[in-house]
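Report on the structure
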Amino acid sequence: MSVGERRAGVSLTNLDEPLAPDAGATKRNLVDYLDGVAEYLLPVLADRPLTVLRILRGQKPFIQKNIPKYTPEWVPRVPIWAEASKREIHYPVCNDRRTLLWLANQRAVEYHPALGLADDIYRPTHLVLDLDPPAGGDFSGVVAVAYLVRQALADCGLAGAVKTSGSRGLHVFVPIDAGSPVDDVAAATRALAARTEALDPSIATTAFIVEDRHGKVFVDSTRSGGATVAAAYSPRLRPGLPVSFPVEWAELKHVKPTDFTVHTALDALAGRRSWSDSMPAPQRLPSDLIQQGHTIPVARVAAMHEGKRRARARRAQD
């Protein structure tokens, strides 16, 4: 019989069940990890609409934005109109240990907060670059491009913090002040990606179409507006249940994503600054960076038009 228990007023059930065939972890491992990391994770999630990835017994993993009907009344939530689906989404907001434990008991493995706060989800508090290695690419290549991002930031008077994505890449976060509207933040993100690529185009690329990357690290500038990013300290549903983990720039060359899992991350926190404490103060985006970004097409839109152009060319050739 699977053991259950109660913490912070939340009934925890089926704790000894495995999360997934290749996770190498039980539900208890997930709950214990999230409970242990709560003081670090909750400031990252606080006051932000939250999307989670859940995995229920015998089912495929699924993304959940709308809280289920059976959600307790004490779980905070925020209604936000979704223009794409023409409906109101009631997102959970995880501000306390009780809510985090309830989500963990629902087998919510991954935590993806919005870049904007609940009172204005489309006004990002951080500019984010997502560094994605090519298939089969070594992590050292991602690290090299992360240092290019750091240089591009420094060249325009900005600073950021870095963390593992919990998968194969890295996330660079740049806190920004409230002076720039969302379109300008998105433009500045594109410009920073372009400047990173220009520093060493032999290893970095902004090509949105995979076949155009030619084995280089993709500098993804599309995390803006109402986008979400895996939270610092969030587990990821991958073999071994790795964790998105903040690292110092000085140690980046000496770590790898598999160093941080639900089994090892709590010990790795000893002596480290939290993600919140490692952030620079909010910064104003330079006007020249914004102006440059507005001359760069939005990656997804450009890729869509290019895909259609190539399809027409193939049909003409056939």
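About the cut-offs
- Residues numbered from 1 in each chain as written.
- Predicted model: local features only at pLDDT ≥ 70, side-chain atom pairs only at ≥ 80, totals over all residues.
- Heavy atoms only, no water.
- Phe/Tyr/Trp six-rings, centres within 6.5 Å; stacked < 30°, edge-to-face > 60°.
- Helix = DSSP H or I, 4+ residues; strand = E, 2+ residues; numbered from the N terminus.
- Pairing = 2+ DSSP bridges.
- Axes fitted to C-alpha atoms, helices over the stretch in contact; angles between N-to-C directions.
- Contact = heavy atoms within 4.5 Å.

Named according to an unreviewed UniProt entry, the chain is ATP-dependent DNA ligase originating from Mycolicibacterium wolinskyi.

1. Remarks on the packing of aromatic side chains
Evaluation of the coordinates by the stated rule reveals seven aromatic pairs. A centroid spacing of 5.7 Å and a plane angle of 55° characterise the contact between Tyr40 and Tyr233, whose relative ring orientation is tilted. Highlighted residues: Tyr40 in helix H2 (residues 38-45) and Tyr233 in the loop between strand S14 (217-220) and strand S15 (246-247), separated in sequence by 193 residues. Here the aromatic rings of Tyr147 and Trp249 are separated by 6.0 Å at their centres, their planes lie at 45°, and the arrangement is tilted.

2. Notes on the sheet that holds strand S3 (residues 50-54)
Taken in spatial order, the three strands make up an open sheet running S4-S3-S7, and their pairing is antiparallel. Since the sheet does not close on itself, it has two edges, and those belong to strand S4 (62-64) and strand S7 (108-113), each with one partner. Strand-to-strand twist in this sheet, taken as the mean axis angle between neighbours without regard to direction, amounts to 25°. Inspection of the sheet shows S3 paired to S4 by three bridges, in the antiparallel sense. Bridging from a neighbouring strand, Val52 pairs with Gln64 of S4.

3. Describing the sheet that holds strand S13 (residues 204-205)
Across the sheet, six strands lie side by side as S13-S14-S10-S12-S11-S15; this open sheet has mixed pairing. Pairing within the sheet leaves two strands with one partner each, and these edge strands are S13 and S15. In terms of strand pairing, strand S11 (residues 161-164) meets strand S12 (residues 170-175) through four bridges, oriented antiparallel. Counterpart to Thr164 in the pairing with S12 is Leu170. Along the sheet face, helix H4 (residues 139-155) touches strand S10 (126-132), S12, S13 and S14 and points at about 15° away from the line of S12. Against the sheet, helix H5 (residues 182-199) engages S10, S13 and S14, with an angle of about 40° to S10.

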